[in-house]
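Structure at a glance
Residues per chain are reported as follows:
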Amino acid sequence: MFVDEIKLKVIAGAGGNGCTSFRREKYVPMGGPNGGNGGKGADIIFTVDKGLKTLIDLRYMKTIKGDHGEHGKGSNQYGKNAEDIIVKVPLGTTITDLDTGLIIADLVNDGDSVVVAHGGRGGKGNKAFATHDNPAPKFSENGAPGEIKLIKCELKMLADVGLVGLPSVGKSTLLSQISASKPKIAAYHFTTLSPNLGVVKLKNGKSFVMADLPGLIEGASEGVGLGDKFLRHAMRTRILCHILDMAGSEGRNPIDDYNIIRKEIEKYDEKLGKKYEIIVANKMDLDGFNDNLEKFKKEYPKKEVFSISAMNNEGISELLEFIGKKLDEIEDNHLYEDSEYLTHLEFVFKEEKPYTITKKDNIWVISGDKIEELFKMTKFNEDEAVLRFARKLKGMGVEDELERLGAKRGDEVQILDYIFEFKE
Ligand SMILES: Nc1nc2c(ncn2[C@@H]2O[C@H](COP(=O)(O)OP(=O)(O)OP(=O)(O)O)[C@@H](O)[C@H]2O)c(=O)[nH]1
Ligand SMILES: [Mg+2]
């Protein structure tokens, strides 16, 4: 089965907790701190596997979760890092962050890989907190939480040329004549149910990839027939080959057919509508072809039209030669703009405050990734850890900001599910 879109939740592993521990030695009542750091949590990494053709392996995975890092131990023993999780996806997979709608990565080269969710760092053990002023700290940190993301994976195949048209116009027949691909060919509509790729070798030694897409019909953009969803596989192409049954062998009018498909393409995506288009007038072996062709050329005098019989392998070499020439002229297009990537957002918000304060039911609620992470990494059963937390909040300007907003001594302040009193 062909699957080209899935949604997933990815949860990277949390870091292991740091350890609070002291050396025990004979005659030394309280030795120095020796609690080790926790290990890093598992990253969730997506990587290209050229052997994969669809996203089917991910279909039933609702969530992908990484292990947490090992906790640190006494005697300066560090926790081990968790093993990263590698998720294999086909070439041409776009990964989008569903919260922002921005692209995390577009994996278009063999070997491309991306960390979609970062594992949390290990918490520091008390040994790591020893300073001149506090040589024997009685606290350590919890591991940082792993990133959690809701993502969409979308396969948009890599092809140079896309074959589009109504059902039964001969798209699969053409691909089977010019490549080693053997798509199913039959006289009924919607013979092709998912895209086929074929490598076409040219006489000059160059080659290109052609995608044979399932047939479109009027209303495809509203889901009629197989719908227009397979057009996503034409998004990376540089040339559209629009195939017409120019003989009108099913009693249709090729000019109407052309307009129907153009409308669906333009509705699907503006960029797709602007791609260079070649008209392939097929079925020249049948009656009525020449009359229709003449009418079509009159209606569209500027269109590049090639007459072929895909079935009888006629006219095809001229078409291929022309495609080869055009591909040399038309530059590789980037499917996405820089501003569509998540990195763009990080850049825009870099200078933002690491927290926000809102008042809800008379409680001051402090939220924000940075402050919540600090909260989760604090061991509230250790007094020194709590003091350090308070100091850090102060350092981040939380106290000043609360005061500025009108918080009074004794007001309740909440971070995640923890409520405490505000003291200046
Ligand atoms: N006479 C004639 N018949 C052709 C020609 N090319 C294709 N056909 C026939 O048209 C029918 C449909 O061909 P396909 O290649 O399956 O058409 P398609 O466009 O891939 O159709 P879908 O996969 O349903 O969208 C088959 O019976 C082919 O034999 C041609 O050049 N001349
Ligand atoms: Mg077909």
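Above: the structure in question.
As a starting point, this report considers the structure included with it. (Residues numbered from 1 in each chain as written. Chains lettered and ligands numbered in written order. Predicted model: local features only at pLDDT ≥ 70, side-chain atom pairs only at ≥ 80, totals over all residues. Heavy atoms only, no water.)

**Quick look at empty space enclosed by the protein**
Test applied: Residues are said to line a cavity or pocket when one of their atoms sits within 4 Å of a point; the points come from a 1 Å grid over protein atoms alone, cavities being sets where a 1.4 Å probe fits but cannot get out and pockets being open sets with protein on both sides within 12 Å along at least five of seven lines. Grid points are joined across faces, edges and corners, and a volume is the space filled by probe spheres set on the points. Lys, Arg, Asp and Glu make up the charged group, whereas Ala, Val, Leu, Ile, Met, Phe, Trp, Tyr, Cys and Pro make up the nonpolar group; the residues left over, Gly among them, are polar.
As enumerated under the stated definition, the model contains one cavity of 30 Å³ or more in all. Taken together, Phe-139, Ser-140, Glu-141, Met-377, Thr-378, Lys-379, Ala-385 and Arg-388 make up the full set of residues lining the largest cavity. For the lining of the largest cavity, the per-class residue count stands at three nonpolar, two polar and three charged.

**Some remarks on the packing of aromatic side chains**
Formally: Only rings of Phe, Tyr and Trp enter the pairing, Trp through its six-membered ring, and a pair is recorded when the two centres are within 6.5 Å. The plane angle decides the type: under 30 degrees is stacked, over 60 is edge-to-face, the rest tilted. Burial classes: relative accessible area under 20% of the type maximum marks a residue as buried, over 50% as exposed, and values in between as partly exposed (1.4 Å probe, protein chains only). Secondary structure elements are taken from DSSP: a helix is a run of H or I of four residues or more, a strand is a run of E of two residues or more, and numbering for both begins at the N terminus.
Applying the stated criterion to the full structure yields 13 aromatic pairs. With a centroid separation of 5.1 Å and 45 degrees between ring planes, the pair formed by Phe-375 and Phe-380 is classed as tilted. The buried category is assigned to Phe-375, whose relative accessible area is 9%. Geometrically, the ring pair formed by Phe-375 and Phe-389 is edge-to-face, given 6.1 Å between the ring centres and 65 degrees between the ring planes. In this pair, Phe-375 sits in helix H7 (residues 369–376) while Phe-389 sits in helix H8 (residues 383–395), placing the two residues 14 residues apart along the sequence.

**Re the nonpolar core**
What counts here: Side-chain atoms within 4.5 Å link the members of a nonpolar core, which is a set of buried Ala, Val, Leu, Ile, Met, Phe, Trp, Tyr and Cys residues. Note on contacts: a residue pair is in contact if any heavy atoms of the two residues lie within 4.5 Å.
With 42 residues, the main nonpolar core has Leu-174, Phe-208, Met-210, Ile-278 and Ile-323 as its most contacted residues. Looking at this core, the elements that each hand over two or more residues are strand E9 (161–164), helix H1 (171–178), strand E11 (207–212), strand E12 (239–245), helix H2 (254–268), strand E13 (276–282) and helix H5 (316–329). Broken down by element, this core gets its largest block of residues, six residues, from H5. In this structure, Ile-323 is in contact with Val-161, Phe-208, Met-210, Ile-239, Cys-241 and Ile-278, ignoring residues within four places of it in sequence. Core analysis: the second largest hydrophobic core is formed by 28 residues, Ala-12, Val-89, Met-157 and Leu-342 among them.

**Overview of the site of ligand 1**
Defined as follows: Nearness of a residue to a molecule or strand requires only that one of the residue's heavy atoms be within 4 Å of it. Between N or O atoms, a polar contact is any pair within 3.5 Å; within protein, one atom must be a potential hydrogen donor and the other a potential acceptor, and residues adjacent in sequence are included only when both atoms are from side chains. Computed with the Shrake-Rupley method and a 1.4 Å probe, the accessible areas treat only the protein chains shown as cover for residues.
Taken together, 23 residues surround ligand 1, and among them Ser-168, Thr-173, Thr-191, Thr-192 and Asp-285 come closest. Separating an oxygen atom of ligand 1 from a side-chain N or O atom of Ser-309 is a distance of 3.3 Å. In the model, an oxygen atom of ligand 1 is placed 3.0 Å from a nitrogen or oxygen of the Ala-310 main chain. The fraction of the free accessible surface of ligand 1 (660 Å²) that becomes covered by protein chains is 91%. The dominant element in the shell around ligand 1, judged by the number of residues it contributes, is H1, at three residues.

**Details of the coordination of the magnesium ion (ligand 2)**
Metal coordination angles have textbook ideals: 109.5 degrees for a tetrahedral set of four donors and 90 or 180 degrees for an octahedral set of six. To be explicit about the condition: A 2.8 Å cut-off from the metal defines N, O and S donors, relaxed to 3.2 Å for Na, K and Ca; water is not in the atom list, so some sites may appear incomplete.
For the magnesium ion (ligand 2), the full set of protein donor atoms is Ser-172 (OG) and Thr-192 (OG1), and the range of their distances to it is 2.0 to 2.1 Å. Taken together, the residues span a long stretch of sequence, with Ser-172 in helix H1 and Thr-192 in the loop between H1 and strand E10 (196–201) at a distance of 20 residues. Judged by its relative accessible area of 10%, Thr-192 is buried.

**Considerations on H7**
The line we're drawing: Along the arc lie the directions from the helix axis toward the C-beta atoms.
Looking only at H7, the buried set comprises Ile-371, Glu-372, Leu-374 and Phe-375. Viewed end-on, H7 has its buried residues packed into an arc of 160 degrees, placing them on one side of the element. Every exposed residue of H7 that faces more than 90 degrees away from the buried side is listed here: Asp-369 and Lys-370. Structurally, H7 contributes buried residues whose contacts are with strand E16 (363–367), H8, helix H9 (398–405), strand E17 (412–415) and strand E18 (418–421).

**Some details on the side chain of Asp-257**
Assignment of secondary structure puts Asp-257 in helix H2. We classify Asp-257 as buried; its relative accessible area is 4%. Here Arg-252 takes part through its side chain, which lies 2.8 Å from a polar atom of the side chain of Asp-257. Residue contacts for Asp-257: discarding those within four places in its chain leaves Leu-166, Leu-244 and Arg-252.

**Here we look at the sheet that holds E13**
The pairing of strands in a sheet comes from backbone hydrogen bonds and takes either a parallel or an antiparallel form. Inclusion rule: For two strands to be treated as a pair, DSSP must find at least two bridges joining them. For helices, the axis comes from a line fit to the C-alpha atoms of the stretch in contact; other axes are also lines fit to C-alpha atoms, and the angle between any two N-to-C directions lies between 0 and 180 degrees.
The sheet built from six strands is open, its strands ordered E10-E11-E9-E12-E13-E14 with mixed pairing. Of all strands in the sheet, those bounded by a partner on one side alone are E10 and strand E14 (305–307). The average angle at which neighbouring strand axes cross in this sheet is 25 degrees, direction not considered. Contacts from H5 reach E9, E10, E11, E12, E13 and E14, with the element oriented near 175 degrees to E13.

**Structural notes on H8**
Test applied: Given the number of residues in a helix, its expected span is that number minus one, multiplied by 1.5 Å.
When the terminal C-alpha atoms of H8 are compared, their 18 Å separation across 13 residues agrees well with the 18 Å that a helix rising 1.5 Å per residue should span. At its buried positions, H8 is contacted by H7, H9, E17 and E18. Once H8 finishes, Gly-397 follows within two positions and takes phi at roughly 85 degrees, a positive value.

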